[in-house]
Amino acid sequence: MRPHALRGFTLIEALIALVVLSLGLLGIAGLQIYGVRDTQNSYYRSQAAIVMNDMAERIYANVPAVQQGRYGGFDTRNVVCSTSPANICMRETSGTASAACTSDQMAVYDKFSVTCGLPQNSGGRNGGVADLLPGGRVQIDCLDSAGGVLTPCTQGTRMRISVSWNERLAKGEGGALFGQSIQMVVQP
């Protein structure tokens, strides 16, 4: 007589296959978590670049205030978003802008807008560095020829625009926040 051939899986083979499949799925879930975190961090970097370019464009558009040192030494931590500047130098909503602004008034408004953003229909403001980036901060320094910080700014000096924010490490890396920053040097 011929012995019967075994057919199908044994219980042990099925359990081993289930364990291997489970480990693979856990690995995919871990990759997904890293992907989401890295996508968020990339979003923060792009928002920081947008804020930095916005500030650079405002500086280039208001050279008289730059020459008077109105942008140098700026830090968004010194701006109070609950108090709007006396002069609104652009049309923020469907209303009208205030009377023509001087270069000094425009510099005050520029710094306020970059920090606090524009008004929302529901009230409050949105779109400033304080809303776009966790721990977001913009700083502007005037630089001498060797790259050192000048105080006060003088006409024709280069200006360094720094944008900083916090990103989160993965839980396996401690889950803590760490600071990031980007910088641009302009000479209006």
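Residues numbered from 1 in each chain as written. Predicted model: local features only at pLDDT ≥ 70, side-chain atom pairs only at ≥ 80, totals over all residues. Heavy atoms only, no water.

Asks: I would appreciate a short explanation of the overall build of the protein in the present structure.
Replies: Looking only at helices and strands, the protein features 4 helices and 7 strands. In the protein, the succession of helices and strands from N to C terminus is α-α-β-α-β-β-α-β-β-β-β. Looking at the protein alone, contacts between residues at least 24 apart form 57% of all its contacts between residues at least 6 apart. Of the accessible surface of the protein, which amounts to about 11,900 Å², a share of 57% is contributed by carbon and sulfur atoms. (Helix = DSSP H or I, 4+ residues; strand = E, 2+ residues; numbered from the N terminus. Contact = heavy atoms within 4.5 Å. Areas by Shrake-Rupley, 256 points an atom, 1.4 Å probe, with all protein chains shown as cover.)

Asks: When you look at the packing of aromatic side chains in this model, what are you seeing that I'm missing?
Replies: For any two aromatic rings, the description comes down to two numbers: the centre-to-centre distance and the angle of the planes. Counted under the stated rule, the structure contains 1 aromatic pair. Look at tyrosine 43 and tyrosine 44: their rings are 6.1 Å apart centre to centre, the planes differ by 55°, and that puts the pair in the tilted class. You can call tyrosine 44 buried: its relative accessible area is 16%. (Phe/Tyr/Trp six-rings, centres within 6.5 Å; stacked < 30°, edge-to-face > 60°. Buried < 20%, exposed > 50% of the residue type's maximum accessible area, 1.4 Å probe, protein only.)

Asks: Looking at this structure, how should I read the nonpolar core?
Replies: The tendency in soluble globular proteins is for nonpolar side chains to be buried as a group. Counting residues in each nonpolar core, the largest one holds 25 residues, and the members touching the most others are Tyr71, Ile161 and Val163. Listing elements by their share of this core, those giving two or more residues are α1 (11–61), α2 (63–67), α3 (103–116), α4 (129–132), β4 (137–143) and β6 (158–168). At 7 residues, α1 tops the list of elements feeding residues into this core. If near-sequence neighbours (up to four positions away) are discounted, valine 163 is found in contact with Ala48, Val51, Met52, Val129, Leu133, Arg137, Val138, Gln180, Ser181 and Ile182. (Core = buried A, V, L, I, M, F, W, Y, C linked by side-chain atoms within 4.5 Å.)

Asks: Help me understand the pattern of salt bridges, please; the structure alone is not making it clear to me.
Replies: Working definition: two side chains of opposite charge can pair if their charged atoms are close together. Counted according to the given criterion, the structure contains 6 salt bridges. A salt bridge links aspartate 141 to arginine 160, with the shortest nitrogen-to-oxygen separation between them at 3.3 Å. Here aspartate 141 is found in strand β4, whereas its partner arginine 160 is found in strand β6, with 19 residues between them in sequence. (Salt bridge = Lys/Arg side-chain N within 4 Å of Asp/Glu carboxyl O.)

Asks: Looking at this structure, how should I read the side chain of arginine 58?
Replies: Mapped onto the fold, arginine 58 is located in helix α1. Not counting chain neighbours up to four residues away, the residues in contact with arginine 58 comprise Tyr71, Asp110, Ser113 and Val114.

Asks: For this particular structure, what's the right way to read the state of the cysteines?
Replies: Structurally, a disulfide amounts to a covalent bond that connects the sulfur atoms of two cysteines. Summed over all chains, the structure comprises 1 disulfide. Note on cysteine connectivity: cysteine 81 is disulfide-linked to cysteine 116, with sulfurs 2.0 Å apart. Handedness of the cysteine 81-cysteine 116 disulfide follows from its S-S torsion of about -90°: it is left-handed. Linking cysteine 81 in the loop between β1 (74–75) and α3 with cysteine 116 in helix α3, this pair joins segments that are 35 residues apart in sequence. Here cysteine 81 falls in the partly exposed class, since its relative accessible area comes to 34%. Residue cysteine 116 is classed as buried on the basis of its relative accessible area, which comes to 3%. (Disulfide = S-S within 2.5 Å.)

Asks: How should I be thinking about α1 in this particular structure?
Replies: Note: α-helices contain 3.6 residues per turn, so residues at a spacing of three or four share the same orientation. Relative to the 75 Å expected for 51 residues at 1.5 Å per residue, α1 spans 75 Å between its end C-alpha atoms, a close match to the ideal helical length. Along α1, the positions that sit buried rather than exposed are Arg37, Asn41, Tyr44, Gln47, Ala48, Val51, Met52, Met55, Ala56, Arg58 and Ile59. Those residues of α1 that are buried are in contact with α2, α3, α4, β4, β6 and β7 (177–186). (Expected span 1.5 Å × (residues − 1).)

Asks: Sorry, what's going on with α3 here?
Replies: An ideal rise of 1.5 Å per residue puts 20 Å on 14 residues; α3 measures up with 20 Å between its terminal C-alpha atoms. Along α3, the residues classified as buried are Ala107, Tyr109, Asp110, Lys111, Phe112, Ser113, Val114, Thr115 and Cys116. Trailing α3 by a residue or two, glycine 117 shows a phi angle of about 85°, which is positive.

Asks: Help me out: how do you make sense of a nonpolar patch on the surface in this one?
Replies: A cluster of nonpolar residues, Leu11, Leu15, Leu18, Leu21, Leu25 and Ile28, forms a patch on the protein surface that exposes about 640 Å² of accessible area. Secondary-structure assignment places isoleucine 28 in helix α1. (Patch = residues over 30% accessible without salt bridge, like charges linked within 9 Å, V, L, I, M, F, W, Y side chains within 5 Å.)

Asks: How should the environment of valine 66 be read in this particular structure?
Replies: With respect to the secondary-structure elements, valine 66 resides in helix α2. Expressed as a C-alpha distance, the spacing of valine 66 and threonine 154, which sit 88 residues apart in the sequence, is 8.7 Å.

Just distances and angles here, no functional claims.
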